[in-house]
Amino acid sequence: MSDKYKLKKWQDLPPGGVITEGGNAADYETGTWRTWRPVWQKENCVHCLTCWVFCPEGAFLLQDGRTAGGKDRKEIKEIDYFHCKGCGLCVRECPVNKQGKEPALQFIREET
Amino acid sequence: MSEYFEVRWHGRGGQGTVTGAKSLAEAVQGTGKYVSAFPDYGPERRGAPVRAFDRFADKRIRIHIPVLEPDVVMIVDPTLIGSKSLVEGIGENTVFVVNTEKDAAETKRALGLTGQTLYTVPANNISYRLFKREIPNSAMMGAFARACPQIISIEALIKEAEHAFAALLAKDLVAKNLDAIRCGYDEVRNA
Amino acid sequence: MAEAMRQINPDVVAAFPITPSTQVIEDFATFVADGKVKTELITVESEHSAMSACIGASAAGGRVMTATSANGLALMWEMLYIAASMRQPILMTVVNRALSAPINIHCDHGDSMGARDAGWIQIYAENNQEAYDNMVMAPVIAEHRDVRLPVMVCLDGFIISHSIETMELEEDQAVRDFIGPYRGLHSLLDTDRPVTWGALDLHDYYIEHKRGQQAAIESAKSVIESVSDRFYRTFGRKYELFESYRIEDAERVMVAINSVAGEIKEVVDALRDAGEKVGLLKIRLFRPFPYAQIAAALRGAKVVTVLDRSTSMGAYGPLFGEIRTALYDAEPRPLVYNRTFGLGGRELFPDDIQELFAESRRYLQNGKVEKIFDFLNVRGD
């Protein structure tokens, strides 16, 4: 945990339990909840972004890329394991996985 | 609590008894006295017996209890006569003002009064003449000024009531209610 | 009270009518309809919704008011706590009325006394003048930066709320100058600085937030003293945390809340004329409770009669508990006992109060209390 989350004294809290910065859920590590880990196989991925749509934590990070035909598109860059809770929705919804081909997302036990 | 001059009104829901007591208090306040006025709410239904109270004094009024020993009893509805509550706590000097067209002496007998002063005023008659319905409270206020000029004169009552009514009523009704006060004052009979 | 609300001219009023507080909102609605205030009046479907809407509007940065009584206050229950712990300076008129059952529309203090632990500041009033004055002071107290808590201004149902009395109202501008403009903290509508209201606390923070709330309501005492002092200097009517009526050298003191204090003062005057050393301590501020100040004021009293106009079923009255706590460390400790009166509007007449003082004289002579707790004016005892 960062110093920011060091427990504060009552005198240091804003009145009424108000949270004065927006979007601070991003600072909260949900990655520790994970028992299964999705692993992205870049070489099998078609960048359809289905996983990015379904991910409840926004843990699929994107970057700019190009199609084979040279058009601009967004591509998967990596999985953010600070936030990924290991729910497996991405693995289940991946169209490449569903076609029974070499999987674009593997799902493995954390301890392995 | 002799430093207070206390009035007890008896009427029925819908006759403006509470408004009468409050308007009288506002008018008396206009003459520089301390006043309070309040109702005694029971089941709030048209026709149910209602009591309301006025208290007047030359100092700030601190008590809020119902009037137990009235200086004046205002009977807004003569069909209440026979009820014991009308004469509860009265003394020899208690003054009665009764809305009735009956003879004052007969009304005294009906109330079981002995030496007390009683004034009658045909407030319903006045109300029908002016409003075509039964709202006797303004005429009763006029009769009060006749019975208790030491509390408020008719001139002061009409002047102060105009302010009190203006907050509640449209202009033409203010004028009619002032007429009702004047008629109430003029048509009082005494026994 | 409606007149005070008009002068305060709040941003939002959300209310649901209930006897005997209905007239407050009815009159205020007329002011809204006549354009005499700029208030957004929200007519909600229940008191729970009324308080919810007040909390939302207050968190959005508005000055917010409402009014209720009895069962209406009870229906606000969970939201009362939320208003206080979210530190929203909402202002509420509570016209005290008995709680059902049986249904009763008349005065006792069971409603606001039941809400005494909700975290609201509670200020009580003997008459219409005090209720008006307290409401004029309420926003200044509630919105003070060290306080930021909601305030209930309580007055007796019917006895006060439905009486007209000679009183002094102040000029609109003078009242507005006294109160000043309101600036909300951390407004929900401030999109440049987004905030979250109503988030979750677990055992790692909840008690810290409660500790802060306790500090805030404690500091309300000195804030109320300074606001009352400024009120006195501005408008000439003096208020303290409680009213001491002829208690300086009193041996026997009655402690009471709200309108009955008027009747007690009359009796105190009469007994003083007869040479008896009696007095009245009238509670104004019940939450926070000024223990030390009351203990100091009652120093020298030998018998203290505490009148509660509410019950805490199975326990002594709520005011009694506080007064006896305040006096526990007094040296010498006075005799203190409790009488419950006036539930559901039952009157307490000056003769009854005379009798009470006669009883306290007996206790003083005998040096002991015969009955610590009893109901007054009840058939069957």
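Just so we're clear, the structure is a prediction, and the values are computed from it rather than from any experiment.

(A) View of the overall build of chain A. Counting its secondary structure elements, chain A contains three helices and four strands. For chain A, the sequential pattern of α-helices and β-strands runs β-α-β-β-α-α-β. Against the 2.2 N^0.38 benchmark of 13 Å for 112 residues, chain A shows a C-alpha radius of gyration of 18 Å, more extended than a compact globule. Projected onto its principal axes, the C-alpha positions of chain A cover 60 × 35 × 20 Å. When burial is assessed residue by residue, chain A has 17% of its 112 residues classed as buried. Long-range contacts, defined here as pairs at least 24 residues apart, represent 66% of the contacts in chain A between residues at least 6 apart.

(B) Quick peek at the domain arrangement of chain C. All names here are of chain C. Assigned domains within chain C: domain 1 (2–235) and domain 2 (242–375). Counting residues per element, the ones that place at least two in the side of domain 1 that touches domain 2 are α6 (110–114), β5 (121–124), β6 (151–156) and α9 (206–235). In terms of residue count, the dominant contributor to the side of domain 1 that touches domain 2 is α9 (five residues). For the side of domain 1 that touches domain 2, the class distribution of residues is 15 nonpolar, seven polar and six charged.

(C) Region of interest: helix α10 (residues 260–273) of chain C. Residues and elements named next belong to chain C. Counted at 1.5 Å a residue, the expected span for α10 with its 14 residues is 20 Å, and the 20 Å between its end C-alpha atoms agrees. Among the residues of α10, V260, A261, G262, E263, I264, K265, V267, V268 and L271 are the ones counted as buried. Each element contacted by the buried residues of α10 is listed here: β8 (242–245), β9 (252–257), β10 (278–283), β12 (303–308) and α13 (350–366).

(D) Fine view of the environment of V28 of chain B. All names here are of chain B. When you line up the elements, V28 lands in helix α1 (residues 17–30). Since 27 C-beta atoms lie within 10 Å of it, V28 is described here as buried. Remark: the alpha-carbon pair of V28 and E160, spanning 132 residues in sequence, is separated by 7.6 Å. Beyond its immediate sequence surroundings of up to four residues, V28 is in contact with K33, V35, F56, I151 and I152.

(E) Expanded view of the arrangement of the chains. Interchain contacts are distributed over two pairs of chains, and the most extensive set of them lies between chains B and C. These two, chain A and chain B, are apart from each other, with no contact and a minimum C-alpha gap of 41 Å.

(F) Quick peek at the interface of chain C and chain A. Opposite the 17 residues of chain C that make contact, chain A presents 10 residues. Residue contributions to the side of chain C that touches chain A peak at five residues, all from α9 of chain C. Grouping the amino acids of the side of chain C that touches chain A by side-chain chemistry returns six nonpolar, five polar and six charged.

(G) Examining the pairing of β12 of chain C more closely. All names here are of chain C. Burial of β12 is extensive: six of the six residues sit out of reach of the surface. Burial of the side chains of β12 extends over both faces: V303, T305 and L307 are buried on one face and V304, V306 and D308 on the other. Note: β9 against β12, four bridges, orientation parallel. When the sheet's bridge partners are listed, V253 is paired in β12 with V304. Inspection of the sheet shows β12 paired to strand β13 (residues 335–340) by six bridges, in the parallel sense. Note on β13: the bridge partner recorded for V304 is V336. In the classification by handedness, the crossover that spans β12, the intervening helix α12 (residues 318–327) and the parallel β13 is right-handed.

(H) Region of the structure containing the interface of chain C and chain B. Listed as interface residues are 15 residues of chain C and, on the opposing side, 17 residues of chain B. Broken down by secondary-structure element, the contributors of at least two residues to the side of chain C that touches chain B are β7 (164–165) and α10 of chain C. The element contributing the most residues to the side of chain C that touches chain B is α10 of chain C, with four residues. When grouped by side-chain class, the residues that make up the side of chain C that touches chain B number five nonpolar, five polar and five charged. As paired elements, strand β2 (residues 34–40) of chain B and β7 of chain C share two bridges and run antiparallel to each other. Its bridge partner lying in β7 of chain C, S36 of chain B is registered against E165 of chain C.

(I) A look at the environment of F286 of chain C. Residue and element names in this part refer to chain C. Looking at where F286 falls in the secondary structure, it is placed in strand β11 (residues 285–287). Residues F286 and F242 lie 44 residues apart in sequence; the distance between their C-alpha atoms is 9.0 Å. Not counting residues up to four positions away in its chain, the partners in contact with F286 are R116, Q122 and Y124.

(J) Seen up close, the packing of helix α7 (residues 128–143) of chain C against α9 of chain C. Residues and elements named next belong to chain C. Where α7 meets α9, the closest approach of the two axes is 10 Å, and the angle between their N-to-C directions is 125°. Taken together, α7 and α9 sit at an angle that is classed as oblique. Remark: the crossing between α7 and α9 carries right-handed chirality. Only A220, V223, I224, V227, S228 and F231 of α9 make contact with α7, whose side of the interface consists of D133, M137, V140 and I141.

(K) Here's a closer look at the sheet that holds strand β1 (residues 5–12) of chain B. Pairing is mixed in the open sheet, where eight strands are placed in the order β7(B)-β6(B)-β5(B)-β4(B)-β1(B)-β3(B)-β2(B)-β7(C). Pairing within the sheet leaves two strands with one partner each, and these edge strands are β7 (189–190) of chain B together with β7 of chain C. Note that β1 of chain B and strand β3 (residues 49–57) of chain B share eight bridges and pair antiparallel. Across the sheet, residue H10 of chain B finds its bridge partner in β3 of chain B, namely R51 of chain B. Sheet contacts for α1 of chain B: β1, β2 and β3 of chain B together with β7 of chain C; angle to β3 of chain B, the most-contacted strand, approximately 10°.

(L) Molecular detail of the nonpolar core. Counting 115 residues, the largest nonpolar core has I141 and V255 of chain C as the members making the most contacts within it. No other element matches the nine residues that α7 of chain C contributes to this core. Counting residues domain by domain, this core receives three or more from each of domain 1 (2–235) and domain 2 (242–375) of chain C. Those residues within four positions of I141 of chain C in sequence are excluded, and the remaining contacts are I121, V147, V151, A220, V223, I224 and V227 of chain C. Of all hydrophobic cores here, the second largest spans 58 residues; its members include V18, I75, A145 and I152 of chain B.

(M) Region of interest: the sheet that holds β9 of chain C. Residue and element names in this part refer to chain C. Here we have six strands laid out as an open sheet, ordered β8-β10-β9-β12-β13-β14, and mixed in their pairing. On the outer flanks of this sheet lie β8 and β14 (373–375), each paired with one strand and no other. For this sheet, the mean inter-axis angle between neighbouring strands, taken without regard to orientation, is 20°. Where α10 meets the sheet, it contacts β8, β9, β10 and β12, and its direction lies at approximately 165° from that of β10.

(N) Focus on the pairing of strand β3 (residues 64–68) of chain C. Residues and elements named next belong to chain C. Most of β3 is tucked away: five of the five residues are buried. Two elements, strand β1 (residues 12–15) and β3, share two bridges in a ladder whose sense is parallel. Residue pairing for β3: V12 is matched across the bridge by V64. Two strands pair when backbone bridges link them, and β3 and strand β4 (residues 91–96) are joined in this way by four bridges, in the parallel orientation. Bridge pairing in β4 places T66 opposite M92.

About the criteria used
Residues numbered from 1 in each chain as written. Chains lettered and ligands numbered in written order. Predicted model: local features only at pLDDT ≥ 70, side-chain atom pairs only at ≥ 80, totals over all residues. Helix = DSSP H or I, 4+ residues; strand = E, 2+ residues; numbered from the N terminus. Rg over C-alpha atoms; globule rule 2.2 N^0.38 Å. Buried ≥ 20, exposed ≤ 12 C-beta atoms within 10 Å, placed from the backbone. Contact = placed C-beta atoms within 7 Å. Domains from an automatic or database assignment. Nonpolar A, V, L, I, M, F, W, Y, C, P; charged D, E, K, R; others polar. Expected span 1.5 Å × (residues − 1). Pairing = 2+ DSSP bridges. Right-handed = clockwise from strand over helix to strand, strands pointing away. Axes fitted to C-alpha atoms, helices over the stretch in contact; angles between N-to-C directions. Parallel < 35°, antiparallel > 145°, perpendicular 65-115°, else oblique. Left-handed = near helix turned anticlockwise from the far one by under 90°. Core = buried A, V, L, I, M, F, W, Y, C linked by C-beta atoms within 7 Å.

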